[in-house]
Amino acid sequence: MSTAVWVTLCALCGVCGGVLGRALPHREPPPGERPGRSCAGLPPYGTAGAAGRDAPDDAWRDAPGRVRGEGPGEAAFRALRAAGLAARSLRAAGLTRASARGAVRHLRTLLGTAGLVVATPDRVLARGGADVPGDEAVLAEVRAAAAGGRPRVVPASRGGGRRGVVVPLAVEGRVVGALAAYDARVGTALVRTATEVGRWLSGQLELAELDASRRRTLEAEARALRAQISPHFIYNSLTTIASFVRTDPERARELLLDFADFIRYALRRAADFTTLADELTCVDRYLLLEQARFGDRLRFTVQVAPEVLRVDVPFLCLQPLVENAIKHGMPGEVRVVIRDAGSEAHIWVEDDGVGMNPEQLHAALREQRTGIGLSNVDVRMRHIYGPGHGLVVETAPGKGTRIGLRIPKTRPRTSPARP
């Protein structure tokens, strides 16, 4: 189970516990078992105060967001559904005005309060319900809660008890905003539930930040590929083209166009993904240039199932495998085989060269040389699709090398879209 899934499950358990604690009929603990006060000025949990949410059952059982006679199963389902809907926009975009507006209605349902506000210390992002203070009053309480780093109870504007609770939202120990819940009566149960929801929201925002960091890393790696095309390949290609200028000008012209197409593809505004058809076009140009250089010493074949040509693949994931096959397979034949495997496209790049022993293979997967290299492709595949989608290498001294990739036909949601 991944860390992100584990954090989400733990946070949801806490949230559901808080919601169910408010939704189920309350049992008054014996006087000797009553816990102490959780916030200054609030009655102990389980007491019935005039301003408390912990009044006898009949006083609050039909509060907003709850249904009289609702069992624990229904309450848990509604809590999980509201939490899931609220998380959808926050996980996708982090704490923004659009994501807050998409989540605020579901968060209000989750808490069952008359009003709810999501804000940063600088501005109110979204508000829902009625009887919510103005922006300046909300921001003053948000800044106070952020400065204290703990939930803050908001007094009523015209007396009559407490009116709300403001819970800071933090990402990696840094307060980025706050959740403010407002109602006619605010007791310990609401404070505890809002605090748990705030912790869960902080967890969702941290996961969104991790997703964004992951996307930035992948984008940086894709941009770095443009600077990592082997200078030896560029030098050798231009030298080969120059050698044909006098003896075969027409071929020199064709090779120069192939070289321009390859460089244009490799140095374009890099996206994380391209189609398999575009990637194969790049490989075709690369092979034509290398064959012009090596002549009859290099032979190659490409077999592709037509139905997978539109599958999205990571940018420049195939050319490094072909480059490696030429490096270790000369003189000989390089074969590219791409098959349709249901929900995946299976790609194999094979050569019949000298092969590698385990030490050479490990060195190739760790290499940090100039050029893209196997290590770059292996790391990117694992980042994008998960640990089970790294390179599969079959090799032995004198037996050639076979390198495989498994590309899911459905692109991960967290990956940036192709421009």
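Residues numbered from 1 in each chain as written. Predicted model: local features only at pLDDT ≥ 70, side-chain atom pairs only at ≥ 80, totals over all residues. Heavy atoms only, no water.

Draft legend 1. Geometry of the sheet that holds strand β11 (residues 392–395). Read from one edge to the other, the open sheet built from 5 strands follows the order β7-β9-β10-β12-β11, with strand pairing classed as mixed. With one partner strand each, in any of the chains shown, β7 (298–304) and β11 form the two edges of the open sheet. Going across the sheet, the axis of each strand differs from the next one's by a mean of 10°, ignoring polarity. Relative to strand β10 (residues 344–351), strand β9 (residues 332–341) is paired through 8 bridges, and the arrangement is antiparallel. (Pairing = 2+ DSSP bridges. Helix = DSSP H or I, 4+ residues; strand = E, 2+ residues; numbered from the N terminus. Axes fitted to C-alpha atoms, helices over the stretch in contact; angles between N-to-C directions.)

Draft legend 2. A look at the packing of helix α8 (residues 249–266) against helix α9 (residues 276–294). Between α8 and α9, the least distance of the axes is 9 Å, while the angle of their chain directions is 140°. Relative to α9, the element α8 is oriented oblique. Seen from above, α8 lies across α9 with left-handed handedness. For the pair α8 and α9, contact is made by R251, L255, D258, F259, D261, F262 and Y265 and by D278, E279, C282, R285, Y286, L288, L289 and A292, respectively. Residues of the contact of α8 with α9, tallied by class, amount to 9 nonpolar, no polar and 6 charged. (Parallel < 35°, antiparallel > 145°, perpendicular 65-115°, else oblique. Left-handed = near helix turned anticlockwise from the far one by under 90°. Contact = heavy atoms within 4.5 Å. Nonpolar A, V, L, I, M, F, W, Y, C, P; charged D, E, K, R; others polar.)

Draft legend 3. Focus on the nonpolar core. Counting residues in hydrophobic clusters, the biggest one holds 48 residues, and the most contacted among them are L318, L321, V322, I326, I338, V349 and L405. At 9 residues, α9 tops the list of elements feeding residues into this core. With residues up to four places along the chain from it excluded, the contact list for V322 reads V283, Y286, L287, V336 and V349. Formed by 32 residues, the second largest nonpolar core is a distinct cluster that contains V153, A181, L190 and L205. (Core = buried A, V, L, I, M, F, W, Y, C linked by side-chain atoms within 4.5 Å. Buried < 20%, exposed > 50% of the residue type's maximum accessible area, 1.4 Å probe, protein only.)

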